Amino acid sequence: MRAVICGAGIAGLALAGRLYNALGWEVVVLEKAPGPRTEGYMIDFFGPGYDAAEAMGVLPWLEELSYPISGAAFVDDQGRCRARLGYDRFARSLDGRLLSIMRSDLELALRERLSFAVGLRFGVGPARVETSAFGVRVKLTDGSSLHADLLIGADGIHSTVRALAFGDESRYVRHLGYHTAAFTFDDPEVNADLGDRFCLTDSVGRQMGLYALRDGKVAAFAVHHATEPRPPHDARAGLRREYGSLGWLVPRALAGCPPSPQLYYDQVAQSDLPSWSRGRVVLVGDACHAVSLLAGQGASLAIAGAYVLADQLAGSRSIEEALAGYERLWRPVVSRRQRAARRTARWFVPASQRQLRLRRLALRLADLPGSGHVAGVALAGRQRPRLRQLAAVPAWAGTAESTGTRSRRAKSTRQAGSSGEQPRHAES
């Protein structure tokens, strides 16, 4: 069997590794970007994606690339903490199965564990899709063509595969009323001031968060209300207009903001389709079930969804049966997270002083002794199915022995904390 995966992001890389390693498929991954993306933001990685990463053997590398975050602090224009949330209690509510990691580092770990037998091509994408009962022919942007038994669209919320096979984006993408941006800049002084805290502005209608990275770098994350889905023509200028009046360290961050092509900027949105597959074409990750950053589990759901799809392909009598099983199992999980994100949006970015005060109160209550489990459930979602409820996982997954042994093995085979491009492994 041969699969063509469009999109070398989290979902596409996870699925590529699984199809090759577990199923023995021939796999080609196409990515329209000229190279691996370095922009993005810090994520709290937990839930079914954590389980999948462990089952795939990649968890030790994620642990090596992760950051020790003590908690989140909401600060005013003078840098005074108005509310906080300790991560230790959140982690305990998840049985310690929580990592804080940059999205680009998560992609790096998945990419460097790919076998050389997996074809990974940058700078090319799909231009036309022709389907039949027996497979798919994909015409590429460089003029060449590929034939496959299955075409997977893992190319994000603005998916080209979805547009070619299912129709225009406007039919499937729901704008949630926000824009978001992320970038990194060099500032050792700000880096030292932040320490191991994730610091966010305690502000109305907009919020900027800063956290320290390695080598004196700082990562900035921003989200603000926006009625127009389309980003501004000049993203950097738009950020400076929107956040220019905030105090604290925000002026330093805006001064260090790179030109628009070098920063991540997009609308906050969800994707929802009546069906995730059409013939021998199927969608994964944000292409079909973007939950938005308001839900906080997009990366976890991307990896776990890819794992469930591969498991269905391994155990079904036909590709069509596998695609139906994948959607039957996975759609309820992501639908719950999408609904939760829409309900909690007003707490993520308060629209008024009243909502801001209520958020402060809620965070103070969450920081009281004995409330860690309640806070964890509120952040992670009340229903968090373990991966083994949806797919086959190794018997050792989830055991303390496996995590400790594999973490030590990871430390002995790579330099901890590297965020640069690493060579792909001959075996995965």
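Quick caveat: nothing in here was measured; it's all calculated off a predicted structure.

Visitor: If you had to explain the packing of aromatic side chains to someone new, which residues and values would you point to?
Guide: Inspection of every chain in the model, using the stated rule, returns 8 aromatic pairs. Ring centres of Y41 and F221 lie 5.6 Å apart, and the angle between their planes is 50 degrees; this geometry places the pair in the tilted category. Taken together, the residues Y41 in the loop between β2 (26-31) and β3 (42-45) and F221 in strand β15 (residues 217-225) connect sequence positions 180 residues apart. Assigned by exposure class, Y41 and F221 land together as buried. Between F46 and F90 the ring centres are 5.5 Å apart and the planes differ by 80 degrees, which places this aromatic pair in the edge-to-face class. Residue F46 is found in the loop between β3 and α2 (48-55), and its partner F90 is found in helix α4 (residues 87-93); the two are separated by 44 residues along the sequence. Taking relative accessible area as the criterion, F90 reaches 5% and is therefore assigned buried. Ring pairs connect the aromatic residues Y41, F221 and Y264, which therefore count as one cluster. Directly above the ring of W61 sits R113, whose terminal nitrogen or CZ lies 4.4 Å from the centroid. Cation over ring: R214 sits above Y67, and NZ or CZ is 4.0 Å from the ring centre.

Visitor: Explain the packing of helix α1 (residues 10-23) against helix α11 (residues 298-315) to me, and be specific about the residues and the numbers.
Guide: Running from N to C, α1 and α11 point in directions that differ by 30 degrees, and their axes come no closer than 8 Å. Considered as vectors, α1 and α11 are oriented roughly parallel to each other. Here α1 runs over α11; the crossing is right-handed. Along the contact surface, α1 presents I10, A11, A14, L15, R18, L19 and L23, while α11 presents A299, A302, I303, A306, Y307, L309, A310, L313 and A314. Its residues assigned to classes, the contact of α1 with α11 shows 15 nonpolar, no polar and 1 charged.

Visitor: Go over α11 with me, naming the residues and quoting the values.
Guide: Because each turn of an α-helix spans 3.6 residues, side chains separated by three or four positions end up pointing in the same direction. In a regular helix each residue adds 1.5 Å, so 18 residues correspond to 26 Å; α11 covers 26 Å between its end C-alpha atoms and thus fits that length. Taking burial as the measure, the 18 residues of α11 include 14 buried ones, the bulk of the element.

Visitor: So what's going on with the pairing of strand β5 (residues 81-86)? Residues and values would help.
Guide: Summarising the sheet, strand β4 (residues 71-75) and β5 pair through 5 bridges and their orientation is antiparallel. In the strand pairing of β5, F74 is matched with A83. Hairpin connection, β4 to β5: the antiparallel pair is bridged by 5 residues, and G79 has positive phi, about 85 degrees.

Visitor: Residue-level account of the nonpolar core, with values.
Guide: Ranked by size, the top nonpolar core spans 112 residues in total, and within it L19 and W330 carry the most contacts. It is α11 that provides the largest number of residues to this core, a total of 11 residues. With residues up to four places along the chain from it excluded, the contact list for L19 reads A3, I5, G24, W25, V27, I152, A310 and L313. By size, the runner-up hydrophobic cluster in this structure holds 26 residues, among which are L194, L210, V218 and A222.

Visitor: Give a detailed account of the packing of α1 against helix α5 (residues 103-112), specifying residues and quantitative values.
Guide: It is the contact of α1 with α5, at a shortest axis distance of 9 Å, that shows an interaxial angle of 20 degrees. When the interaxial angle is binned, α1 and α5 end up roughly parallel. Between α1 and α5 the crossing geometry is left-handed. On α5, the residues that touch I10, L13 and A14 of α1 are R103, L106, E107, L110 and R111. Per-class residue counts for the contact of α1 with α5 are 5 nonpolar, no polar and 3 charged.

Visitor: Explain the sheet that holds strand β13 (residues 197-201) to me, and be specific about the residues and the numbers.
Guide: Taken in spatial order, the 7 strands make up an open sheet running β5-β4-β13-β14-β15-β12-β16, and their pairing is mixed. Strand pairing shows two members of the sheet lacking a second neighbour, β5 and β16 (264-271), which therefore form its edges. Adjacent strand axes in the sheet meet at a mean angle of 20 degrees when their direction is disregarded. Relative to β15, strand β14 (residues 206-212) is paired through 7 bridges, and the arrangement is antiparallel. Bridge pairing in β15 places L210 opposite A220. Strands β12 (173-186), β14, β15 and β16 of the sheet are contacted by helix α8 (residues 235-243), whose axis makes an angle of about 75 degrees with β15.

Criteria and cut-off values
- Residues numbered from 1 in each chain as written.
- Predicted model: local features only at pLDDT ≥ 70, side-chain atom pairs only at ≥ 80, totals over all residues.
- Heavy atoms only, no water.
- Phe/Tyr/Trp six-rings, centres within 6.5 Å; stacked < 30°, edge-to-face > 60°.
- Helix = DSSP H or I, 4+ residues; strand = E, 2+ residues; numbered from the N terminus.
- Buried < 20%, exposed > 50% of the residue type's maximum accessible area, 1.4 Å probe, protein only.
- Lys NZ or Arg CZ within 6 Å of the ring centre and 35° of its normal.
- Axes fitted to C-alpha atoms, helices over the stretch in contact; angles between N-to-C directions.
- Parallel < 35°, antiparallel > 145°, perpendicular 65-115°, else oblique.
- Left-handed = near helix turned anticlockwise from the far one by under 90°.
- Contact = heavy atoms within 4.5 Å.
- Nonpolar A, V, L, I, M, F, W, Y, C, P; charged D, E, K, R; others polar.
- Expected span 1.5 Å × (residues − 1).
- Pairing = 2+ DSSP bridges.
- Core = buried A, V, L, I, M, F, W, Y, C linked by side-chain atoms within 4.5 Å.

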